[in-house]
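Descriptive structure summary
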Amino acid sequence: MAIIWLATLATLATAARIFLLIGISVISGWMLGYLAYKSRRFESVYVPFVNVMESVPVIGFLPIVLIIFVTKVGGSLGVELGADFLVLDAVVWNIWIGIYQAFKTVPEHLIEVSDNYSFSFFERMKELYIPFSIPKIAANLFPSYADALFYITVSEVFTVGANTYQTFGIGTLLANEIAKGQIVGVYYSLLILAISVIIITVVFSQFSQWAVAKYGIDTAATVQQRQRRTTQYVSRAGYAIATGTRLLSRFATKALLRGHAPHARRRFVVKGVSKYAGIAAVCFILAYVVYSAIAVAISVPLQQWISYLAFTPYLIFSMLVDYVRVLIVAIISLVIAVFLGYWLVLHKRIALGILPTIQTLSAFPAPAYFPLIYATTASVLQRYVPFGYTELYVLFLGFISCFYYVFFGFWIGVQSMPSEFWEIMDNHELGFFTRLRRVVLPSAFPYLISGLSSTINSAWAGLSIGEYWPDIFAGHTLQVKTGMMKIIALSMSSGQIGTAAWASFIFAAVVTVYAIFFTRNLMNLAQKKYVMEEGIYAA
């Protein structure tokens, strides 16, 4: 009984920590997303930065945690802040990119209304941008929660060198029980964790349905609710005309009732001061980063730089191999997301049972159970797939670390489709693949891109664990022949910090290029061509 109470308290502590940091991520994401939407220069820095940071596994931030929190702050407070920083790294990036994507796809008609009535910054955020971002936030809540639990055994308890630092939570409890061989305690802890995940799954599911019904533009759910509340049926033609103007009139009416008078000159001055203050802050941070980088570069001997440059071609080749793995994981995740997500939207009763199961499994921390999977399957796979069985484990770890981003994103996107789109598909009796190609995929494209971007970036988390896992079970080591994540892990474990730092720099440079040419361009495409609300207004 004591084990159950301890596991319950630890689970509540972890859940509170994660929810607090998700709240911080949402609030900061609104501010940064608006800046990225309004400023092309800030956007050019913001999008690559988020993609790079999302691609860096949580364990890659352990040196930063050691230097900033454990050493500088110190004590139990420093360890708690360090654990919070690692958890924040697991939850923040996909929320930021989702909010940014939501702001990029706000319909032009609504922006024109806010301009015509001279809305202030806070009025725009309150009446337009924040409401429009709620469905995207709902789509990213559970993936963030799942990713935090995926890393919880290395976030709440982390080892740097010979020292181990830990704070109270279910991750620490599981790590200690595993280290001491207390299998019964592990099972009870996982059981309590599963119960909490199921409860949170129900809460998130209800929140997502509420978000889509309240802030979507006449989805199928809102139409059903409206039909249950009234006995009169509005004609389809009149309903279609009213749909395109409902949100516009909502904002205009609020503006007129407030009777506010714009103070254009004062707002212009405040806006100008805020703009230049922000530019100054960004320039200061960039200057400090450049100065620090130059100082580090000068301190490295020339011969060492020559060896790093000679090693660079192999690093690039290793990363290309890793990108093949990421591409395989992304394709599998995308196919499952599209077909299973669409099918679950059509079969809501079945979804009530399948969705909690998927969310529960995805939220379980892989380091807690994957060694058991390896122990029971390694001998069989080694017998039948002798030359590639390690790749199957690495791909599996990559898949379970990221597939839920694109899956839940697409699922929320399909739920957000306006009811008119479903009526058109039914009236024209479109087939399954025609519906997907002509209506469903274009409508959910912004959600799909946001989820796919997070899926690709987060796949590196599974690779970082699977490409080199020493002593995974009974003295066995899981490792691949070639991979960038393996190089970084081996360099860190052997004390070759310079090699690990250079490999991380090459990794960051490649991911930055990917962010510029993939994420940003696809976000711009979604803004220009695939805003489903614009289809309603055009109709």
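Residues numbered from 1 in each chain as written. Predicted model: local features only at pLDDT ≥ 70, side-chain atom pairs only at ≥ 80, totals over all residues. Heavy atoms only, no water.

A word on the overall build of the protein chain
Along the backbone of the protein chain there are 23 helices and four strands. Split into buried and exposed, the 539 residues of the protein chain put 50% on the buried side. When contacts within the protein chain are restricted to residue pairs at least 6 apart in sequence, those whose partners lie at least 24 apart make up 79%. With an accessible surface of roughly 26100 Å², the protein chain has 70% of that area assigned to carbon and sulfur atoms. (Helix = DSSP H or I, 4+ residues; strand = E, 2+ residues; numbered from the N terminus. Buried < 20%, exposed > 50% of the residue type's maximum accessible area, 1.4 Å probe, protein only. Contact = heavy atoms within 4.5 Å. Areas by Shrake-Rupley, 256 points an atom, 1.4 Å probe, with all protein chains shown as cover.)

Observations concerning the pairing of strand β4 (residues 476-479)
Across three bridges, the pairing between strand β3 (residues 468-473) and β4 is antiparallel. Bridge pairing in β4 places Tyr 468 opposite Gln 479. With antiparallel pairing between neighbouring strands as the criterion, β3 and β4 make up a hairpin whose turn holds two residues, including Ala 474 at a positive phi of roughly 50°. (Pairing = 2+ DSSP bridges.)

Considerations on the packing of helix α9 (residues 183-215) against helix α17 (residues 403-415)
Packing of α9 against α17 brings their axes to within 10 Å, and their N-to-C directions diverge by 40°. In terms of orientation, α9 and α17 fall into the oblique class. α9 and α17 meet at a crossing whose hand is right-handed. On α17, the residues touching Ser 208, Gln 209 and Val 212 of α9 are Trp 411, Ile 412 and Gln 415. Tallied by class, residues from the contact of α9 with α17 come to three nonpolar, three polar and no charged. (Axes fitted to C-alpha atoms, helices over the stretch in contact; angles between N-to-C directions. Parallel < 35°, antiparallel > 145°, perpendicular 65-115°, else oblique. Left-handed = near helix turned anticlockwise from the far one by under 90°. Nonpolar A, V, L, I, M, F, W, Y, C, P; charged D, E, K, R; others polar.)

Remarks on the nonpolar core
Counting residues in each nonpolar core, the largest one holds 130 residues, and the members touching the most others are Tyr 129, Val 414 and Met 484. Residues within four places of Tyr 129 in sequence aside, it is in contact with Tyr 34, Tyr 37, Lys 38, Phe 103, Val 106, Ile 111 and Arg 124. Formed by five residues, the second largest nonpolar core is a distinct cluster that contains Val 70, Leu 86, Phe 158 and Tyr 165. (Core = buried A, V, L, I, M, F, W, Y, C linked by side-chain atoms within 4.5 Å.)

Thoughts on the packing of aromatic side chains
The tally for this structure, following the rule as stated, stands at 37 aromatic pairs. Taking 5.5 Å as the distance between ring centres and 20° as the angle between the ring planes, the aromatic pair formed by Phe 42 and Tyr 46 counts as stacked. Residue Phe 42 and its partner Tyr 46 are located together in helix α2 (residues 40-55), separated by four residues, close to a single helical turn. Of the residues examined, Tyr 46 reaches a relative accessible area of 4% and is grouped as buried. Considering the side-chain rings of Trp 460 and Phe 507, the 5.0 Å spacing of their centres and the 85° angle between planes classify their relative orientation as edge-to-face. Here Trp 460 is found in helix α20 (residues 445-466), whereas its partner Phe 507 is found in helix α22 (residues 497-529), with 47 residues between them in sequence. Overall, the relative accessible area of 0% leaves Trp 460 in the buried class. Relative accessible area serves as the criterion here: at 4%, Phe 507 is assigned to the buried category. (Phe/Tyr/Trp six-rings, centres within 6.5 Å; stacked < 30°, edge-to-face > 60°.)

Topic: the side chain of Asp 84
Inspection of the secondary structure puts Asp 84 in helix α4 (residues 75-104). On the basis of relative accessible area, Asp 84 is assigned to the buried category, the value being 17%. The contact partners of Asp 84, leaving out residues within four places of it in the chain, are Arg 17 and Leu 21.

Points about the side chain of Glu 177
Here Glu 177 shows up in helix α8 (residues 170-180). Taking the relative accessible area as the measure of exposure, Glu 177 reaches 5% and is therefore buried. Every residue in contact with Glu 177, bar those within four places of it in the chain, is listed here: Gln 182, Gly 185, Val 186 and Ser 189.

A look at a nonpolar patch on the surface
Among the surface-exposed residues, Ile 3, Val 184, Tyr 188, Leu 191, Ile 195, Ile 199 and Val 203 lie close enough to one another that they form a single nonpolar patch of about 630 Å² accessible area. Locating Ile 199 in the fold gives a position in helix α9. (Patch = residues over 30% accessible without salt bridge, like charges linked within 9 Å, V, L, I, M, F, W, Y side chains within 5 Å. Salt bridge = Lys/Arg side-chain N within 4 Å of Asp/Glu carboxyl O.)

Side note on the pattern of salt bridges
Under the counting rule described, the total for this entry stands at ten salt bridges. Between Asp 322 and Arg 325 there is a salt bridge, with the nearest N and O atoms lying 2.6 Å from each other. Here Asp 322 and its partner Arg 325 are both found in helix α13 (residues 302-346), three residues apart, which amounts to about one turn of the helix. For Asp 322, a relative accessible area of 0% gives the class buried. Under the relative-accessibility criterion, Arg 325 is labelled buried at 5%. In this structure, Arg 325 engages Glu 467 in a salt bridge whose closest nitrogen and oxygen atoms are separated by 3.2 Å.

Points about unusual backbone geometry
Here Ser 118, not a glycine, exhibits a phi torsion of approximately 50°, which is positive. Tracing the backbone shows Ser 118 in the loop between α5 (108-116) and α6 (121-150). You can call Ser 118 partly exposed: its relative accessible area is 26%. In this structure, Glu 429 takes a positive phi of about 50° despite not being glycine. Mapped onto the elements, Glu 429 comes out in the loop between α18 (419-427) and α19 (432-443). Judged by relative accessible area, Glu 429 falls into the exposed class, the value being 70%.

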